[in-house]
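Structural features, examined
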Amino acid sequence: MIVRLRPIALIAVLLLLWQFAVTRNPTHILPTPWAVATGIGELLQHGLLLKYVVASLFRVTWGFALAVLLAVPLGLIIGWNRRANMALNPLLQILRPISPLAWIPLAILWFGVGDLAAIFLIFLGCFFPLLLTAINAVRGIPAVYINAGRNFGLSSTALVSRVLFPAVIPQLIIGMRITLGVGWLVVVAAEMIAVSSGLGFLIVDARNAGNRYDLVVGAMVIIGLIGLLLDMGMRSLEHLKSLRWSYSED
Amino acid sequence: MRTAKLQAGHVHMVFTRDGKSMPVLDDISLEVAEGEFVCLLGPSGCGKSTLLSTMAGFLSPTSGEIKIDGEVVHGPDPRRIFVFQERGVFPWLTVEGNIAFGLFHLTAPERRQRVDHYIKMVGLEGFEKAYPPALSGGMKQRLEVARALAVNPDMLFLDEPFGALDSITRLVMRGELLRIWQAERKTIIFVTHDIDEAVQLADRVVVMSARPATIQQIVNIDIPHPRDISSARYLELRDGIFQQIGLAHKI
């Protein structure tokens, strides 16, 4: 119990130090934690916080879901098919290191300022890592599983659904967990430029509309907390009984 | 003479790696009778597993052919199941799920009955809902054998199935396999590098040379089961194979 409380105690101590340091030396470069807390309270009162959180989550959900729906089946096919893999791999390796943020001008050109552009950027940020995860997961399936599946006379579709898919699920879930984190990083940046709602917009707006750095930091804190919750949600999937095998054995 | 279940005719296999060709199997011809228990015995890496994979249809020979029941083998078939040590059990399925894996063409009650029967046969009662990581090596091995037997194949290919087990479990498993073989009369081809194991189990031991593998000798083990492993005949056959392989049996 004490061990579990330690990180919380550490955060509390740091907050106190922060509060103390800023009140001792009045400055404009950083708001106090108390000012941040009141700022968050203010946003809650105006109903803005909930609205912006929902807007950001909405975009991430769509971008992430579309990426999963497209990248996973495509990755399984490419990973399974040696020729497709050899043909597409160089292209993927070139596209992958391009930050999704580099696509912002094109996203706005194609989809205009609005949800679609933001969703597209999140989709891009999630799509490539997930695709590569799926490809590598299929290529890493031990040959014995595939041979055993073939030996029992499975059709190709049954081989996919009863051997390939279950064999890659644990790696896909880890990939999805990492990718959702990426999506949550991208949404903030996308909202700073492409839309006029959401937590990313809140940060830019709070600064532009009156240098409200208490709200800027407040939005950062909320982003961090929601990111943590998303990660915990994905991590709980890793504890499903039928998936535990991949973590308990080499 | 019993009817030939499997016939290998002048099987050659050449692997190409980094532009170099490596002969692995050199002119292997062999007949295995219906219901026979044959051990392929040879040093590690000699190509005996390659021969077994070829018989099972996972690999195609470079030249020559494998016939089973008079038909040329073109791929794996549920009538002949390959047992891959214990590594072949599916870790995402429970014990029941693994045994039922090949029974998709049966109705649910038939499947239930078949699964229960084989769980009992290999002594995994009480572990029906367990996942393989919770099982010991010997239990996983029995599970894989049960999964193979459940589809009622007429042949089993076993690739050093007990190699990863401790010596006590290995002895128990040999007894189990013989019991199952005598009860179900499957044709069994069993790869091993363990001379004692081969002489304890097989009707005939096919002694293979180092790579590229050729058949050096085929030894008939004319001792009825259960075999007394301290009998003069057993020791004579075993020592004969030791000499054939070129090992003195003094350390």
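Refer to the structure printed above.
One structure accompanies this document, and this report is about it. Keep in mind the model is a prediction, meaning the values are calculated, not measured.

1. Details of the overall build of chain A
- The number of helices and strands found in chain A is 11 helices and zero strands.
- Secondary structure elements of chain A, listed N to C terminal, follow the sequence α-α-α-α-α-α-α-α-α-α-α.
- Here the C-alpha coordinates of chain A stretch approximately 75 × 55 × 30 Å along the principal axes.
- For chain A, with 250 residues in total, the buried portion stands at 34%.

2. Some points on the overall build of chain B
- Secondary structure assignment for chain B yields seven helices and 10 strands.
- By the compact-globule yardstick of 18 Å for 251 residues, chain B fits well, its C-alpha radius of gyration being 18 Å.
- Dimensions of chain B, computed from the C-alpha atoms along their principal axes, are close to 50 × 45 × 40 Å.
- Partitioning the contacts of chain B with sequence separation of at least 6, the portion at a separation of at least 24 is 68%.

3. Topic: the sheet that holds strand β10 (residues 215–220) of chain B
All names here are of chain B.
- In spatial order, the strands read β6-β7-β8-β3-β9-β10; together these six strands make up an open sheet with mixed pairing. Whereas interior strands pair on both sides, the edge strands pair on one side only; in this sheet they are β6 (80–84) and β10. When the angles between neighbouring strand axes are averaged without regard to direction, this sheet yields 15 degrees.
- As paired strands, strand β3 (residues 37–41) and strand β9 (residues 204–208) are joined by four bridges and run parallel to one another. Paired with leucine 40 across the bridge in β9 is valine 206.

4. Focus: the interface of chain B and chain A
- Contacts between the two partners involve 18 residues from chain B, matched on the other side by 13 residues from chain A.
- Partitioning the side of chain B that touches chain A into residue classes produces 14 nonpolar, two polar and two charged.

5. Brief notes about the nonpolar core
- By size, the foremost hydrophobic cluster in this structure holds 130 residues, and its most contacted members are Ile122 and Ala134 of chain A together with Val205 of chain B.
- Element by element, the count of residues in this core is highest for helix α6 (residues 115–139) of chain A, at 17 residues.
- Filtering out sequence-adjacent residues up to four positions away, alanine 134 of chain A remains in contact with Ala71, Val72, Gly75, Leu76, Gly79, Val168 and Leu172 of chain A.

6. Observations regarding unusual backbone geometry
Residue and element names in this part refer to chain B.
- Residue proline 212 follows arginine 211 across a cis peptide bond; omega there is -5 degrees.
- Following the sequence through the fold, proline 212 ends up in the loop between β9 and β10.
- Note that the residue after histidine 225, namely proline 226, is joined by a cis bond; omega there is -5 degrees.
- With respect to the helices, strands and loops of the structure, proline 226 is situated in the loop between β10 and α7 (232–245).
- Despite not being glycine, aspartate 27 shows a phi value in the positive range, around 55 degrees.
- Summarising the element assignment, aspartate 27 is placed in strand β2 (residues 20–33).
- The class of aspartate 27 is partly exposed, set by 15 C-beta atoms lying within 10 Å.
- Phi angles above zero are rare outside glycine, and aspartate 69 is one such case at about 50 degrees.
- Structurally, the position occupied by aspartate 69 is in the loop between β4 (63–68) and β5 (71–72).
- Exposure remark for aspartate 69: the 15 C-beta atoms within 10 Å place this residue in the partly exposed category.

7. Some thoughts on the pairing of strand β1 (residues 4–17) of chain B
Residues and elements named next belong to chain B.
- Bridge count between β1 and β2: 10 bridges; the pairing is antiparallel. Bridging across to β2, methionine 13 finds its partner in leucine 25.
- If you look at the hairpin formed by β1 and β2, you'll find two residues sitting between the two strands, and aspartate 18 has a positive phi there, around 50 degrees.
- Pairing analysis gives five bridges linking β1 to β4, with the strands arranged antiparallel. In the strand pairing of β4, glutamine 7 is matched with lysine 67.

Conventions used here
Residues numbered from 1 in each chain as written. Chains lettered and ligands numbered in written order. Predicted model: local features only at pLDDT ≥ 70, side-chain atom pairs only at ≥ 80, totals over all residues. Helix = DSSP H or I, 4+ residues; strand = E, 2+ residues; numbered from the N terminus. Buried ≥ 20, exposed ≤ 12 C-beta atoms within 10 Å, placed from the backbone. Rg over C-alpha atoms; globule rule 2.2 N^0.38 Å. Contact = placed C-beta atoms within 7 Å. Pairing = 2+ DSSP bridges. Axes fitted to C-alpha atoms, helices over the stretch in contact; angles between N-to-C directions. Nonpolar A, V, L, I, M, F, W, Y, C, P; charged D, E, K, R; others polar. Core = buried A, V, L, I, M, F, W, Y, C linked by C-beta atoms within 7 Å.

On their own, these measurements won't tell you what the molecule is for.
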